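# Breakdown of the fold
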Amino acid sequence: MSVRINDIAPDFTAESTAGTIRFHDWLGGSYAIIFSHPRDFTPVCTTEFGAVAQLAGEFAKRNTKVIGVSVDSVADHEKWKRDIEAFGGAPAEFPIIDDTSLTVAKAYDMLPAEYYLPTEGRTPANTATVRTVYIVGPDKKVRLTMTYPMSVGRNFAEILRALDAVQATDGVPFATPANWVPGQDVIVALSVPTDEARAKYGELDIKLPYLRFAKRPV
Ligand code: BEZ
């Protein structure tokens, strides 16, 4: 069963490099990014974890906790963290879950299709999680999902940008246009009549009757 936008993010209890994590309790009042990767001690994953480690301050500024997942053990994660720091130049201080039981991988549908094939022909590689990302809100609802294949490393600048867009539109009648970055105008939702939008958000830039831009109130 896939995890869809607006679903409550599946809760779980798991061991991690930061001890036992009860996911919903750990989330507290923060946003969270859960991201899976196939295996420790692999090249693309090392670059990805290095990128996340470098962005620790950016996630903290956005009230967002980050948690990594793979089907490896805490002991392996601890050893691999040294390589991540050596490569990325920043310590991986966020928790990395030990999902040797596949509990989290199954709950979040992080496994590749071949995993579900009959056991004949299955190899250990089939139980490696693919590269998924879930942004979860403080209300524990899933706000965004992304899935990349094993061969394609993620762009964490885009994940940060998407997090900014999620936070800029959460609970307000705004949407963000293609390629939006913070500071640019936002789109006023179609549910808000133009007069009301002007009264609330000031001058509008009306490109089309259904495409109305406003400055996002700060
Ligand atoms: C990687 O480079 O991250 C990778 C390589 C092979 C299998 C899984 C991951």
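Structural data are supplied above this passage.
Let us look at the structure shown here. (Residues numbered from 1 in each chain as written. Predicted model: local features only at pLDDT ≥ 70, side-chain atom pairs only at ≥ 80, totals over all residues. Heavy atoms only, no water.)

## Observations concerning the packing of aromatic side chains
This is how the line gets drawn: Here a pair means two rings of Phe, Tyr or Trp (six-membered ring of Trp) with centres within 6.5 Å. Their orientation is stacked below 30 degrees between planes, edge-to-face above 60, and tilted elsewhere. Numbering of helices and strands runs from the N terminus, with a helix taken as a DSSP run of H or I at least four residues long and a strand as a DSSP run of E at least two residues long. Charge-over-ring contacts are defined here by two conditions on Lys NZ or Arg CZ: a distance within 6 Å of the ring centre and an angle within 35 degrees of the ring normal.
All chains considered together, the criterion is met by ten aromatic pairs. When the ring of phenylalanine 35 is compared with that of phenylalanine 156, the centres are 5.8 Å apart and the planes differ by 75°; the resulting orientation is edge-to-face. Of this pair, phenylalanine 35 sits in strand β3 (residues 31-36) while phenylalanine 156 sits in helix α6 (residues 156-169), and the two are 121 residues apart along the sequence. A cation sits over an aromatic face here: lysine 65 above tryptophan 26, 5.2 Å from the ring centre.

## A few points about the site of the ligand
Inclusion rule: Near is defined per residue: the residue qualifies when any heavy atom it owns lies within 4 Å of the molecule or strand. Counting of polar contacts relies on pairs of N or O atoms within 3.5 Å, with two restrictions inside protein: one atom must be capable of donating a hydrogen and the other of accepting it, and residues adjacent in sequence are counted only when both atoms are side-chain atoms. Where accessible areas are quoted, they stem from the Shrake-Rupley method and a 1.4 Å probe; at the residue level, only the protein chains shown are allowed to cover.
Inspection of the region around the ligand gives Pro38, Thr42, Pro43, Val44, Cys45 and Arg131 as its neighbouring residues. Between the ligand and cysteine 45, the relevant distance is 2.9 Å, taken from an oxygen atom to a main-chain nitrogen or oxygen of the residue. Arginine 131 places a side-chain nitrogen or oxygen 3.0 Å from an oxygen atom of the ligand. The protein chains hide 70% of the 260 Å² of surface that the ligand would expose on its own. Looking at the shell around the ligand, the element that brings in the most residues is helix α2 (residues 43-54), giving three residues.

## A short note on unusual backbone geometry
Stated precisely, the cut-off is as follows: Type-normalised accessible area, obtained with a 1.4 Å probe on protein chains alone, sets the label of each residue: buried when under 20%, exposed when over 50%, and partly exposed for intermediate values.
The backbone phi angle of phenylalanine 41 is positive, close to 55°, even though this residue is not glycine. With respect to the helices, strands and loops of the structure, phenylalanine 41 is situated in the loop between β3 and α2. Phenylalanine 41 gets classed as partly exposed once you look at its relative accessible area, which sits at 42%. One non-glycine residue with positive phi stands out, namely asparagine 179, at about 65°. With respect to the helices and strands, the residue asparagine 179 is situated in the loop between β8 (174-175) and β9 (186-188). Overall, asparagine 179 belongs to the exposed group, its relative accessible area being 66%.

## Notes on the nonpolar core
The line we're drawing: Only buried residues count toward a nonpolar core, which is a set of Ala, Val, Leu, Ile, Met, Phe, Trp, Tyr and Cys residues joined through side-chain atoms within 4.5 Å. We call two residues in contact when some of their heavy atoms are within 4.5 Å.
Core analysis: the biggest nonpolar cluster contains 26 residues, and Ile33, Phe35, Phe59 and Phe94 have the highest contact counts within it. For this core, the secondary structure elements donating two or more residues are β3, α2, α4 (74-88), β6 (131-136), β7 (142-148) and α6. The dominant element in this core, judged by the number of residues it contributes, is α6, at six residues. With sequence-adjacent residues up to four places away left out, phenylalanine 59 is seen in contact with Ile33, Val52, Thr64, Val66, Leu160 and Leu163. Ala14, Phe23, Val71 and Tyr134 belong to the second largest nonpolar core, which has 24 residues in total.

## Here we look at the environment of alanine 197
One can find alanine 197 in helix α7 (residues 194-201). A sequence separation of 17 residues divides alanine 197 from alanine 214, and the C-alpha atoms of the two residues are 8.4 Å apart. Apart from the residues lying within four places of it in its own chain, the contact partners of alanine 197 are Val188, Val192, Gly202 and Leu204.

## Quick look at a nonpolar patch on the surface
This is how the line gets drawn: Each patch is built from salt-bridge-free residues with over 30% relative accessible area, joining like charges within 9 Å and nonpolar side chains (Val, Leu, Ile, Met, Phe, Trp, Tyr) within 5 Å. Whenever Lys or Arg places a side-chain nitrogen within 4 Å of a carboxyl oxygen from Asp or Glu, that contact is recorded as a salt bridge.
A contiguous nonpolar surface patch, about 350 Å² in accessible area, is contributed by Leu190, Leu208 and Tyr210. Within the fold, leucine 208 resides in strand β10 (residues 205-208).

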